[in-house]
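Architecture and fold: a report
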There are 2 protein chains.
Amino acid sequence: MASNILINGQPERSVDVTDRGFAYGQGVFETIVLNKSQPIAWSLHMQRLQTGANRLGIPVTPDLIDQLEYDLQQLLALQANIPERQILKVTVTRGSGGRGYAVSGALKPNRVVALNPYPEYPDQPAQNGISVIKCQTRLALSPLLAGIKHLNRLEQVLARAEWDDSSIREGLVQDADGYLAEGTMSNLFWVKNNHLYTPELARCGVAGIVRQRIMSIASDLGLAISLGDFSEAELDLCDELFVCNSVIGIWPVIKIIQLNQTEQKLTIGPVSRLLQQQLAVEGIY
Amino acid sequence: MASNILINGQPERSVDVTDRGFAYGQGVFETIVLNKSQPIAWSLHMQRLQTGANRLGIPVTPDLIDQLEYDLQQLLALQANIPERQILKVTVTRGSGGRGYAVSGALKPNRVVALNPYPEYPDQPAQNGISVIKCQTRLALSPLLAGIKHLNRLEQVLARAEWDDSSIREGLVQDADGYLAEGTMSNLFWVKNNHLYTPELARCGVAGIVRQRIMSIASDLGLAISLGDFSEAELDLCDELFVCNSVIGIWPVIKIIQLNQTEQKLTIGPVSRLLQQQLAVEGIY
């Protein structure tokens, strides 16, 4: 089997246990869709990777970004048949070593580039909509880490572990103050009176690339959009709700399941469909 | 060179990049001192490991604890000369795989057992006392994760990165509400009028094994101790301050450096010395 992973450009699949990504989560990652070998929104992903790395004291230079692109080309060159769509996961860590939490000396970042199959969604959630559950796990407020996609993801793991009914495709998560934050693996948007709303994510959460694209598209379309701190009660009266990320694009929500098992039904509305169409033009669908 | 690391009992030193410890920090670890091959406070460390693992959905059975002990014996058997003191690091992760944040199927935990040299402290900080700095990084409040020693340690890494003056041996960190929490790698105690105080750590921080031993020893000695939420101002009037962990034992603080460069001097007092003596009996020094 041809290798689907390169570590620092070499066909390996494991990292030293002294890697600071493993030991402390001192690393960032990106999940990028490839359409016929073309990475979607590559420069936006690399921009976020660099912002996150800066925040965590990981020296990500333009050279390193070039190396990641070269690694991707190497992996693609090894494939006998290029799938229509596949997933690229890029991880950059602070490197191996240091004494405890302190980084000592000139540690070089480690880079991991992995190609994986695009997941199958036979139930066509983008078309048919999904059920979501309200999670109990709350995201801690951490302005230093908010927005970036780092390797400290225990809160998401704990929130995702709250349900195992495979018909529920996502969980809605609040922050410690009780404001809506995000899905376990996605960002949230809702629509009321043709106005878009999304959590600001200044104190927790991951600011997704598709979220960023949606805000930009909404602005181009003259669609009003508000970022802020919103309570879950806002969803009781919304016209449309959807979750989004780079892999799934937009999944409209047709059912919200509450803790007490009561359900709220929603219909898939015109704003969700319009944004799906606009994203499809960019290869995000 | 003989191996100093076993992974699942095998002499390896790297973990698969799909390990959930690497990908998300879904793992726990313990740092244990060996005195002439004898692990100090083994059962307390294993208890905390198990508590943390339960919290993170990692199935740690008594069998797995036995395997960790066996791994340690294997590593010791490989050593030509047993050092007087060395450090054992034990890490247990949720294992490799799963689709995204969800754990799927019967993943087996991965266990990493590593022997490392005991650090040199030529300036004898336990004897002579240390300087500490007040950090700006604040710990997010996360009751779900508070107390346990998991692999999401970015806050500690960021706090530790605030200074690089090697004469400063530790940083004092507050929580998001402005209460004293811990050191970057240690727990805090202070003394006022023969009364011991330490942060409660119900919403953030790591509840250390030496902290636990100190609370127990204080109780045996009839020394009053209060756990709670305390502001940094408490330190202005304290008689003694010390930091502690399993590797360093107790380091008394003789200087607190403030952000504005002003300094507070402290002397090493009788309670710190008494607790050091008591811990030394247990091999913690």
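Residues numbered from 1 in each chain as written. Chains lettered and ligands numbered in written order. Predicted model: local features only at pLDDT ≥ 70, side-chain atom pairs only at ≥ 80, totals over all residues. Heavy atoms only, no water.

Considerations on the relation of the copies chain B and chain A
If you rotate chain B by 180° and push it 0.0 Å along the axis, it lands on chain A with an RMSD of 0.0 Å. What the superposition gives is, in effect, a two-fold axis relating one chain to the other. In this assembly the copies share their binding face: 100% of the residues contributing to the interface of chain B also contribute to that of chain A. (Least-squares fit on C-alpha atoms with pLDDT ≥ 70 in both. Contact = heavy atoms within 4.5 Å.)

A few points about the environment of Gly100 of chain B
All names here are of chain B. By the secondary structure assignment, Gly100 is in the loop between β5 (85-93) and β6 (110-117). A C-alpha to C-alpha distance of 9.5 Å links Gly100 and Arg20, two positions 80 residues apart in sequence. Discounting chain neighbours no more than four positions away, the residues touching Gly100 are Arg20 and Tyr24. (Helix = DSSP H or I, 4+ residues; strand = E, 2+ residues; numbered from the N terminus.)

Some remarks on the sheet that holds β6 of chain B
Residue and element names in this part refer to chain B. If you trace the five strands from one edge of the open sheet to the other, you get β1-β6-β5-β3-β4, paired in antiparallel fashion. Whereas interior strands pair on both sides, the edge strands pair on one side only; in this sheet they are β1 (5-7) and β4 (38-39). Of the strands in this sheet, β3 (27-35), β4 and β5 touch helix α2 (residues 42-55), which is tilted by about 175° from β3. This element, helix α3 (residues 62-78), spans β1, β3, β4, β5 and β6 of the sheet and lies at about 35° to β6. (Pairing = 2+ DSSP bridges. Axes fitted to C-alpha atoms, helices over the stretch in contact; angles between N-to-C directions.)

Digging into the domain arrangement of chain A
Residues and elements named next belong to chain A. Per the domain assignment, the segments making up chain A are domain 1 (5-117) and domain 2 (125-281). For domain 1 and domain 2, the distance between their C-alpha centroids amounts to 26 Å. In this assembly, 19 residues from domain 1 lie in contact with 19 residues from domain 2. Between domain 1 and domain 2, a total of about 1,500 Å² is buried, with carbon and sulfur atoms accounting for 67% of that surface. On the domain 1 side of the contact with domain 2, Phe29, Arg48 and Arg55 bury the most area, a combined 40% of that side's loss. Here domain 1 is connected to domain 2 by zero salt bridges. At the junction of domain 1 and domain 2, the tally comes to seven residue pairs in polar contact (both at pLDDT 80 or more). Sorting the residues of the side of domain 1 that touches domain 2 by element identifies α1 (20-24), β3 (27-35), α2 (42-55) and β5 (85-93) as the ones contributing at least two each. (Domains from an automatic or database assignment. Buried area = accessible area lost by both parts, 1.4 Å probe. Salt bridge = Lys/Arg side-chain N within 4 Å of Asp/Glu carboxyl O. Polar contact = N/O pair within 3.5 Å; in protein donor to acceptor, adjacent residues only side chain to side chain.)

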